[in-house]
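Topology and contacts: notes
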Amino acid sequence: MTHKAGFVNIIGNPNVGKSTLMNALVGERLSIITSKAQTTRHRILGIVNGDDHQIVFSDTPGIIKPAYELQQSMMDFVKSAFEDADLLIYMVEIGEKELKDEEFFNRITKTSTPILLLLNKIDRSNQEQLEEQMQMWQTKVPNAEIIPISALEKFNTQTVFDRIVELLPVSPPYYPKDSLTDKSERFFVSEIIREKILLNYDKEVPYAVEVEVEEFKEEENIIRIKSVIMVERDSQKGIIIGHKGSALKKVGIAAREEMEKFFLKKVHLELFVKVNKDWRTNDFQLRRFGYNQ
Ligand code: GDP
Ligand code: K
Ligand code: MG
């Protein structure tokens, strides 16, 4: 039996549905999904193992113009997606016209890596619009194979999966065949907390936040977690905590419930808020949080 394996990198603008697709394909909730842009800061590997294949997915941040150092670092992740991919999945959504980043567009049309262009959210379109968009993208990216999908409703996602396996190179597996992801449990804990923060506060506050897990202790019947929410200013600390701690309590409850679903175990979660000035612009801090690798 020949074995196929390779790296499949999912790229595209923020909020087109990359995380939703990956979760549909991997079949586990590995990367966080919200309606806000820039949720995904890291590259996340989701690994799918079959008898004769191993697909290593990574979900990259959306294409954005670097405005400050953190975003520059995110763009580096996106660029590296071209370098180590056996297959690129370029996701666009119905109604999307202009590519926000020209340099990216040039890379896409010139790459020798096979590309699946997934036209997502077709549950929102009619037949006429769909045909018009299919033609437009075929003209823009002639080197891509276009598949219309709905990641949310899992329409055509099995077709995508089968096509990915067909396009993978013959290769032994890269990771042990029982591994699901290269990220630690602590990583998922911090991502879940960050997701709840994004969902619970308005305006720019969530983007000034970083989450660190100080303790992750798994006991027989419970997981004990201590985590710090890092903000840039005292005023943000006040907002995160809320009146008599009410806002933080809400985040804590939602995060704990999500963690219990994820780990299938009771979770005890303690959250602290600390002010750590300028973590976004300080190169040392960025490295500490893992963005500058
Ligand atoms: P990402 O930023 O590219 O990773 O996008 P997400 O996966 O986080 O999805 C952004 C938003 O689009 C979420 O609200 C999803 O529920 C929604 N979404 C994703 N796929 C579809 C789809 O096929 N149809 C519709 N209607 N919404 C979708
Ligand atoms: K998102
Ligand atoms: Mg995402």
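**Brief notes about the overall build of the protein**
- The secondary structure content of the protein amounts to nine helices and nine strands.
- Burial statistics for the protein: of 293 residues in total, 54% are counted as buried.
- Counting only carbon and sulfur atoms, one obtains 49% of the accessible surface of the protein, whose full area is about 14200 Å².

**Brief notes about the nonpolar core**
- I193, I197, I225, I229, I240 and M259 are the most contacted members of the largest nonpolar core, which totals 25 residues.
- Among the elements of the structure, helix 6 (185-200), strand 7 (210-218), strand 8 (222-231), helix 8 (246-263) and strand 9 (266-275) are those that each provide at least two residues to this core.
- A per-element tally of this core places helix 8 first, with six residues.
- In terms of nonpolar packing, the next biggest core, distinct from the first, is built from 23 residues, I10, L87, L118 and A151 among them.

**Structural notes on the site of ligand 1**
- Taken together, 18 residues surround ligand 1, and among them N15, K18, S19, T20 and D123 come closest.
- One of the backbone nitrogen or oxygen atoms of G17 is found 3.0 Å away from an oxygen atom of ligand 1.
- With respect to ligand 1, the side chain of N120 contributes an N or O atom lying 3.1 Å from an oxygen atom.
- Burial of ligand 1 by the protein amounts to 86% of the accessible area it has alone, namely 590 Å².
- Considering each element in turn, the shell around ligand 1 owes the most residues, three residues, to helix 1 (residues 18-26).
- Its residues placed into classes, the shell around ligand 1 shows five nonpolar, nine polar and four charged.

**Some thoughts on the environment of E219**
- One can find E219 in the loop between strand 7 and strand 8.
- Given the relative accessible area of 32%, E219 is considered partly exposed.
- Between the C-alpha atom of E219 and that of V267, which follows or precedes it by 48 residues, the distance is 10.0 Å.
- Excluding residues within four positions of it along the chain, E219 makes contact with R224 and K265.
- Within polar-contact distance, the side chain of E219 engages the side chain of R224 at 3.1 Å.

**Here we look at the pairing of strand 7**
- Pairing geometry for strand 7 and strand 8, over eight bridges, is antiparallel. Paired with V213 across the bridge in strand 8 is S227.
- Once strand 7 ends, the chain turns through three residues before running back antiparallel as strand 8.

**Regarding the packing of aromatic side chains**
- Evaluation of the coordinates by the stated rule reveals one aromatic pair.
- Here the aromatic rings of Y90 and W137 are separated by 6.1 Å at their centres, their planes lie at 90°, and the arrangement is edge-to-face. Here Y90 is found in strand 4 (residues 87-93), whereas its partner W137 is found in helix 4 (residues 127-140), with 47 residues between them in sequence. Considered together, Y90 and W137 belong to a single accessibility category, that of buried residues.
- In this structure, K140 is placed above the aromatic ring of W137, and the distance from its NZ or CZ to the ring centre is 5.6 Å.

**Side note on the pattern of salt bridges**
- In total, this model carries twelve salt bridges according to the counting rule given.
- Residue R163 pairs with E166 through a salt bridge whose shortest N-O separation is 2.6 Å. Pair noted here: R163 and E166 are both in helix 5 (residues 157-167), with a separation of three residues, about one helical turn.
- With a shortest N-O distance of 3.9 Å, E215 and K217 are connected by a salt bridge.

**Points about the sheet that holds strand 9**
- If you trace the three strands from one edge of the open sheet to the other, you get 7-8-9, paired in mixed fashion. Unpaired on one side and paired on the other, strand 7 and strand 9 mark the two borders of the sheet. Averaged over all pairs of adjacent strands, the angle between their axes in this sheet comes to 15°, without regard to strand direction.
- By the bridge criterion, ten bridges tie strand 8 to strand 9 in an arrangement that is parallel. Looking across to strand 9, one finds that V231 is bridged to V275.
- Where helix 7 (residues 234-241) meets the sheet, its contacts fall on strand 8 and strand 9, and the angle it forms with strand 9 comes to roughly 155°.
- Lying on the sheet, helix 8 is in contact with strand 7, strand 8 and strand 9; it crosses strand 9 at an angle near 140°.

**Examining the packing of helix 7 against helix 8**
- Following both chains from N to C, one finds helix 7 and helix 8 inclined at 65°, their axes separated by 5 Å at the closest point. Contact with helix 7, carried on its side by I239, I240 and I241, involves S246, A247 and L248 of helix 8 and no other residues of that element.
- By residue class, the composition of the contact of helix 7 with helix 8 is five nonpolar, one polar and no charged.

About the thresholds
- Residues numbered from 1 in each chain as written.
- Chains lettered and ligands numbered in written order.
- Predicted model: local features only at pLDDT ≥ 70, side-chain atom pairs only at ≥ 80, totals over all residues.
- Heavy atoms only, no water.
- Helix = DSSP H or I, 4+ residues; strand = E, 2+ residues; numbered from the N terminus.
- Buried < 20%, exposed > 50% of the residue type's maximum accessible area, 1.4 Å probe, protein only.
- Areas by Shrake-Rupley, 256 points an atom, 1.4 Å probe, with all protein chains shown as cover.
- Core = buried A, V, L, I, M, F, W, Y, C linked by side-chain atoms within 4.5 Å.
- Near = heavy atom within 4 Å.
- Polar contact = N/O pair within 3.5 Å; in protein donor to acceptor, adjacent residues only side chain to side chain.
- Nonpolar A, V, L, I, M, F, W, Y, C, P; charged D, E, K, R; others polar.
- Contact = heavy atoms within 4.5 Å.
- Pairing = 2+ DSSP bridges.
- Phe/Tyr/Trp six-rings, centres within 6.5 Å; stacked < 30°, edge-to-face > 60°.
- Lys NZ or Arg CZ within 6 Å of the ring centre and 35° of its normal.
- Salt bridge = Lys/Arg side-chain N within 4 Å of Asp/Glu carboxyl O.
- Axes fitted to C-alpha atoms, helices over the stretch in contact; angles between N-to-C directions.

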